[in-house]
Amino acid sequence: MALTTTPFGTRATAAEVLDGVDLTGHRMIVTGGASGLGAETVRALAGAGAQVTVATRNPADAEPLIKEFPGTRAVALDLADPASIRAFCDDWSGPLDALVANAGVMMLPTRQVNTQGWEMQLAVNYLGHFALANGLRTALAAAERPRVVVVSSGAQLRAGFDFEDPQFERRPYNPFAAYAQSKTADVLLAVGISRRWAEHGIAANACAPGFIHTKLQRHLDEATMQAFGAMDAQGNLVTPDYYKTPVQGAATTVLLAASPLVEGVSGSYFEDNQESEVVDGGPEVMAGVAKWSVDPVASDRLWEYALPAVR
Ligand SMILES: NC(=O)c1ccc[n+]([C@@H]2O[C@H](COP(=O)([O-])OP(=O)(O)OC[C@H]3O[C@@H](n4cnc5c(N)ncnc54)[C@H](OP(=O)(O)O)[C@@H]3O)[C@@H](O)[C@H]2O)c1
């Protein structure tokens, strides 16, 4: 089937993607919405008229956004904590037009676990969003054309989901492999929702924002930043040409959350505002979505693996 294309290029901003789109009356949630790409996602959606709930560990962090957009509110959510996720879902009432699963952590230097014993990058980036989406499914189903967007990463090209040892209990912990696996799991989550909840009219897609300086890189040491081409030998941040600004980095997310251009598209992966080709993943591949990230069998297996953890 032909890939979905849009007129928006790599440098389009989130506001440009939503130019002319009226989201008045639409209720949306953005996790990790108080900083970085999440904050720009909130700005674009709220700027187009949506009532946005900023789901954030520390609601005070969202105060500037709430001042800017009085229709916006902040609610506490810690994706590493099942009780916090349950409380968030219990607090929600009424239809939900879009859930944007944007929050994430990258490359925690040592293996950490959440209260359920899940490796922390997998717990926050994937499992927390899996639980949240399941807790909000009825609210999504009550909306007219509900959408779920899972913010993944080009890192999904680097590692499939390791069903033999997903929690790094037997293999040595590797911060990047754990991040990459969690981002593959994010795409598999969108594929799983798309397969299972289509009967409720819920569409789900994943995306990669590109490379953007944000506080996501806070756990990286100088040597890693330099290896990524994001820091010079003196420790100054470097911005390579292919880097985006945060407003550009949020563009593909808002396209999937709210643009009529992708109405009816589900189970796909987008980057630079276009649907991506399915490719073989590997260490050198720079674009596309890996076969292992959209594999329906892996998606079903991961869903079954995660389900007991959220019951
Ligand atoms: N920046 C890039 O180059 C890039 C590239 C590819 C993919 N991405 C993806 O883009 C998304 C947004 O990242 P970003 O670059 O905007 O970085 P960011 O500014 O660090 O945003 C990440 C957000 O996730 C939140 N978060 C972390 N742990 C959480 C938890 N346990 N519960 C709830 N929220 C939690 C953070 O909240 P706190 O403020 O409380 O920590 C923060 O608001 C992530 O999923 C990331 O993987 C980014």
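These numbers come from a predicted model, not from an experiment.

### Section: the pairing of strand β4 (residues 98-101)
Side-chain alternation along β4 places Ala98 and Val100 on one buried face and Leu99 and Ala101 on a second face that is also buried. As defined by bridge partners, strand β1 (residues 27-31) adjoins β4 across 3 bridges and the pair is classed as parallel. Across the sheet, the residue bridging to valine 30 is valine 100, located in β4.

### Focus: the site of the ligand
With respect to spatial proximity, 28 residues lie near the ligand, and among them Arg57, Asn102, Tyr179, Thr214 and Lys215 are the closest. Here lysine 183 contributes a side-chain N or O atom positioned 2.9 Å from an oxygen atom of the ligand. For the ligand, the accessible surface in isolation is 880 Å², of which the surrounding protein chains cover 95%. Of the residues assigned to the shell around the ligand, the class counts are 13 nonpolar, 10 polar and 5 charged.

### Section: the packing of aromatic side chains
All chains considered together, the criterion is met by 11 aromatic pairs. The interplanar angle of 45 degrees and the centroid separation of 5.4 Å between the aromatic rings of tryptophan 118 and tyrosine 305 together place this pair among those described as tilted. With tryptophan 118 in the loop between β4 and α5 (120-135) and tyrosine 305 in helix α11 (residues 296-310), the pair connects residues that are 187 residues apart, well separated along the chain. Residue classification places tryptophan 118 among the buried residues on the basis of a relative accessible area of 7%. Judged by its relative accessible area of 32%, tyrosine 305 is partly exposed. Relative to tyrosine 173, the ring of phenylalanine 168 lies with its centre 5.6 Å away and its plane at 75 degrees, an arrangement referred to as edge-to-face. Owing to a relative accessible area of 4%, phenylalanine 168 belongs among the buried residues under this scheme. The class for tyrosine 173 is buried, based on a relative accessible area of 19%. Three or more aromatic residues joined by ring pairs make a cluster, and in this case those are Trp118, Phe161, Phe163 and Tyr305.

### What to know about the environment of aspartate 22
Considering the arrangement of structural elements, one finds aspartate 22 in the loop between α1 (14-17) and β1. Residues aspartate 22 and alanine 50, 28 residues apart in the sequence, show an inter-C-alpha distance of 8.0 Å. Of the polar contacts made by the side chain of aspartate 22, one reaches the side chain of threonine 24; its length is 2.5 Å.

### What about the sheet that holds strand β6 (residues 203-208)?
In space, the 8 strands of this open sheet follow the order β3-β2-β1-β4-β5-β6-β7-β8, with mixed pairing throughout. Since the sheet does not close on itself, it has two edges, and those belong to β3 (73-76) and β8 (274-275), each with one partner. Direction of pairing for β1 relative to strand β2 (residues 51-56): parallel, over a ladder of 5 bridges. Looking across to β2, one finds that isoleucine 29 is bridged to threonine 53. Its contacts with the sheet put helix α10 (residues 251-258) on β1, β4, β5 (147-151), β6 and β7 (269-271), and the angle it makes with β5 is roughly 160 degrees.

### Quick word on unusual backbone geometry
With phi around 55 degrees, phenylalanine 168 is a residue other than glycine that occupies positive phi space. One can find phenylalanine 168 in the loop between β5 and α7 (175-197).

### Structural notes on the side chain of threonine 53
Take threonine 53: it is sitting in strand β2. A relative accessible area of 4% places threonine 53 in the buried class.

Scoring rules and cut-offs
- Residues numbered from 1 in each chain as written.
- Predicted model: local features only at pLDDT ≥ 70, side-chain atom pairs only at ≥ 80, totals over all residues.
- Heavy atoms only, no water.
- Buried < 20%, exposed > 50% of the residue type's maximum accessible area, 1.4 Å probe, protein only.
- Helix = DSSP H or I, 4+ residues; strand = E, 2+ residues; numbered from the N terminus.
- Pairing = 2+ DSSP bridges.
- Near = heavy atom within 4 Å.
- Polar contact = N/O pair within 3.5 Å; in protein donor to acceptor, adjacent residues only side chain to side chain.
- Areas by Shrake-Rupley, 256 points an atom, 1.4 Å probe, with all protein chains shown as cover.
- Nonpolar A, V, L, I, M, F, W, Y, C, P; charged D, E, K, R; others polar.
- Phe/Tyr/Trp six-rings, centres within 6.5 Å; stacked < 30°, edge-to-face > 60°.
- Contact = heavy atoms within 4.5 Å.
- Axes fitted to C-alpha atoms, helices over the stretch in contact; angles between N-to-C directions.

So yeah, pure geometry; function would need other evidence.
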